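Coordinates in review
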Amino acid sequence: MKSTDFRHVNYLWDDNAANQLDAVERLRYRSNILGVDQRITNTGGGNTSSKIRMTDPLSGEEVDVLWVKGSGGDLRTSTRANFASLYMDKFLSLENIYNKADVKGVKTEIEDSMVDTYRHATFGLNPATGSIDTPLHGLIPFRHVDHMHPISAIAIAASKDQEGLTQEVFGGEVGWVHWQRPGFDLGLVMREELRKNPNLKGLIMGQHGLINWADDDKACYELTLSLIERAALYIEQHDKGENTFGGQKYESLNEKTRNEILIKLLPVLRGKVSQTNRFIGTVQVTENVLQFVNSVDAPRLAEIGTSCPDHFLRTKIKPLYVDWDPQAESVESLLQKLESGLVQYRSDYASYYEACKHPNSPAMRDPNPTVILIPGLGLIAWGKNKSESRVTAEFYSLAIEVMRSSEAISEYQGLPRQEAFDIEYWLLEEAKLKRMPPEKEMARNAVVVIGAGSGIGKATAHRIAKEGAHVICADLSESTAQETADELIKMYGLGIGVAGTGISGCGPAIGLGVDITNRESIKRLLESVILAYGGVDNIIITAGIFVPPDKQGYIPDDKWALTYAINVTGPYLVADEAKRIWQAQVLKTSLVITTSANGAVAKQGSVAYDTSKAAANHMVRELAIELAPLVRVNGLAPATVVEGSSMFPRERVTSSLSKYNIEFDESESTESLRGKLALFYAQRTLTKSPITLADQAEIAYLLSSSKFSKTTGQIISVDGGLHEAFLR
Ligand SMILES: [Zn+2]
């Protein structure tokens, strides 16, 4: 096939790029251009390999080295470091160990234990470890192997008459193996197929995907694409058009109505699925998702669950489908149906666990669904973080395409329940979960920082992101809020998973504008947070204003009003708007309001600011009572943070330095002048140390964290120790 013949996959091979690379980099290149197309494989799914002649550092001789995508990598984003390297002769000799076992074959003890032996065959001190799919690559006697999860190939593999369809579509060029859990035995099964029929170019793997091979890497890439293209063409010729999924039963809602319902629905739903573990949501509303959720066949197909084990591990045994008529029924009835649907789902999950468990199976995991399907609205996916929930949404969207294709050419079949269970509760999977580092303190939380564009707010956004929080950076200045969010995304990455509609396609941080003196503006902010992450957890408010009086000590009325609007009414409005969401969510959380040491210390010339902060201090106590027991409310009372503070512009710093007779040079940088003033202020405190943004951010984080889970209604001063500010 010519490169222009491909209509169902993107042909991306470029000789100019590939020919400049060494053999391992060519494998990385091939992997990246395969992984970039979701029709070829899903995020994190599939693997590639090349058997490369290399000089053995131990003997100086030329040896064959198997380079294969290692455990946990993703083809699209893989670098050289994601590939394991194994001496081919050592790898092949492992078959002796396998054969010596008394009991061998799929799901035997020896099969699982083979995974640990691959490391002994490592070439060149490479720390990347081979995955369970390594034997699929090592045992096939061709130089290059691609194993993909293409929609069109899984559609054949998940059809009732998959073997006959394989023959019909590929005319004997591609063989077929029945479903088998990946491992050493599956590698042997495939090698045997190839021995029986040496002309095979690849295999359809029952319920799973495609594997194919060639002795040239570009030829292998082109073969992968052409096989997928052929399957896709065959499916296209059989497309059922309007009768897909038995035709449409319900109509989609327009975007405005849909968002209004989602804003009401998501916090309630999040609370209900998060009773064991807190989840972050992703909303996926594409044409293909809507066509599925609105269809006649959606309830039947949803019940069957997904097929490809990669899809299945994220989407669970099945999604929760709610039969709700978006045109005729109310949101209240949807909520009721979701409630009873969840009860049924958990009970079905427990029955599935009981029916399929083995004596040594790990304990039952969270019985809540990770995918919820609602006619008219779309798909809602849940995961431990944004990246995971996007992956889950991506995988179910791909599964919908698999079902559509499979139902066009045959009848769709899921993975048999017991096989699904044996993947989900595989001891190797359990071991992988146990090896994962413990979750960070603020993981699974969507935290809003108001004032995140600068100063304490920006420092706090950075501090909580370090603890795994999803951070909504909000500020009166949307552009500075966005800058902080961009910094966080740069540091922590966007994550993986190609899904999420509108703002729901976001990463671990977003930047939004908000005016806390305006209830509507706050409402819009929180609605965006719900659509982005599925709910709202902690809120930290650092926004504040200090309007200096004029030379006569006079504060105009409008400035007095503005001071109160930002420092007192603003945090109140935020709490009041968030309260509705928190009450719908029923998850424990916290609110931190930044007050000031000036709330306790009376001073000349700042009556508006000082009294507003005193009011804020007392509001902390009032809100702590009002929002209990769901929300802890605490105050952070800083004093004279000069470093990087927008409250200390250069003129204020130089006038203070002059006032205190501190020597300085006009040519010095503002930060250096701020440092001098900070040192002076430090001398007035008990601890004699300058107070930094990091000091404030630390307490804002701690008050929000579980470390302060029994503290509410308190003001914590971070002022270096000002005895005049001691609360009594
Ligand atoms: Zn696979």
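Residues numbered from 1 in each chain as written. Predicted model: local features only at pLDDT ≥ 70, side-chain atom pairs only at ≥ 80, totals over all residues. Heavy atoms only, no water.

**Digging into the pattern of salt bridges**
Scanning the model with the defined rule gives 49 salt bridges in all. Taking the shortest distance from any N to any O, the salt bridge between R7 and E236 comes out at 3.0 Å. Of this pair, R7 sits in the segment before α1 (15-18) while E236 is found in helix α9 (residues 217-237), placing the two residues 229 residues apart along the sequence. Exposure remark for R7: the relative accessible area of 53% places this residue in the exposed category. As a salt-bridge pair, D576 and R580 come within 3.8 Å of each other at their nearest N and O atoms. Separated by four residues within a single helix, D576 and R580 lie in helix α21 (residues 557-585), roughly one turn from each other. Classification of D576 by relative accessible area gives buried; the value is 17%. Via salt bridges that share partners, D22, E25, R28 and R80 belong to a single interconnected network. (Salt bridge = Lys/Arg side-chain N within 4 Å of Asp/Glu carboxyl O. Helix = DSSP H or I, 4+ residues; strand = E, 2+ residues; numbered from the N terminus. Buried < 20%, exposed > 50% of the residue type's maximum accessible area, 1.4 Å probe, protein only.)

**Digging into unusual backbone geometry**
Cis geometry is found at the peptide bond from A628 to P629, where omega equals 0°. Relative to the helices and strands, P629 is located in the loop between α22 (607-627) and β17 (631-638). Phi at K316 takes a positive value of approximately 65°, unusual for a residue other than glycine. Here K316 shows up in the loop between α13 (309-315) and β9 (320-321). Taking the relative accessible area as the measure of exposure, K316 reaches 9% and is therefore buried.

**Some thoughts on the sheet that holds strand β1 (residues 47-55)**
Strand order in this open sheet of seven strands is β3-β2-β1-β4-β7-β6-β5, and the pairing throughout is mixed. This sheet does not close on itself; its edge strands, each paired only once, are β3 (83-87) and β5 (174-177). With strand direction ignored, the average angle separating the axes of adjacent strands in the sheet is 20°. In this sheet, strand β7 (residues 209-214) lies alongside strand β4 (residues 144-148) in antiparallel orientation, the contact comprising five bridges. Each residue of the ladder has a partner; that of H147, found in β7, is I211. Contacts from helix α2 (residues 23-35) reach β1, β2 (62-69), β3 and β4, with the element oriented near 170° to β1. Where helix α7 (residues 162-170) meets the sheet, its contacts fall on β5 and β6 (202-205), and the angle it forms with β5 comes to roughly 170°. (Pairing = 2+ DSSP bridges. Axes fitted to C-alpha atoms, helices over the stretch in contact; angles between N-to-C directions. Contact = heavy atoms within 4.5 Å.)

**A look at helix α15 (residues 386-409)**
Compared with an ideal rise of 1.5 Å per residue, which puts 24 residues at 34 Å, α15 spans 35 Å between its outermost C-alpha atoms and is within 8% of the ideal. With 22 of 24 residues buried, α15 is to be regarded as a mostly interior element. Backbone nitrogen of S387 and a side-chain oxygen of the N-cap are separated by 3.2 Å at the start of α15; the cap is N385. (Expected span 1.5 Å × (residues − 1). Polar contact = N/O pair within 3.5 Å; in protein donor to acceptor, adjacent residues only side chain to side chain.)

**Quick word on the coordination of the zinc ion**
Those protein atoms acting as donors to the zinc ion are H147 (NE2), H149 (NE2) and H208 (NE2), and they sit at 2.1 Å. Here the donor residues of the zinc ion are spaced in sequence according to H-x1-H-x58-H. Within this pair, whereas H149 is found in the loop between β4 and α6 (151-157), its partner H208 is found in the loop between β6 and β7, the two being separated by 59 residues in sequence. Note on accessibility: H149 and H208 belong to one class, buried. (Donors = N, O, S within 2.8 Å, 3.2 Å for Na, K, Ca; no water.)

**What about helix α24 (residues 670-682)?**
Taking 1.5 Å of rise per residue, the 13 residues of α24 would be expected to cover 18 Å, and the 18 Å separating its terminal C-alpha atoms lies within 8% of that figure. Within the span of α24, buried status applies to L673, R674, L677, A678, Y681 and A682.

**A closer look at the packing of aromatic side chains**
As enumerated under the stated definition, the model contains 21 aromatic pairs in all. Residues Y87 and F123 carry aromatic rings whose centres are separated by 5.1 Å and whose planes lie at 75° to one another, so their mutual orientation is edge-to-face. In this pair, Y87 sits in strand β3 while F123 sits in the loop between α4 (109-117) and α5 (134-138), placing the two residues 36 residues apart along the sequence. The two residues Y87 and F123 agree in class, both being buried. In this structure an aromatic cluster arises from ring pairing among F6, Y11, W13, Y29 and Y221. It is K316 that lies over the ring of Y349; its NZ or CZ is 4.6 Å from the centre. The residue whose ring lies beneath R444 is F279, and the NZ or CZ to ring-centre distance is 5.7 Å. (Phe/Tyr/Trp six-rings, centres within 6.5 Å; stacked < 30°, edge-to-face > 60°. Lys NZ or Arg CZ within 6 Å of the ring centre and 35° of its normal.)

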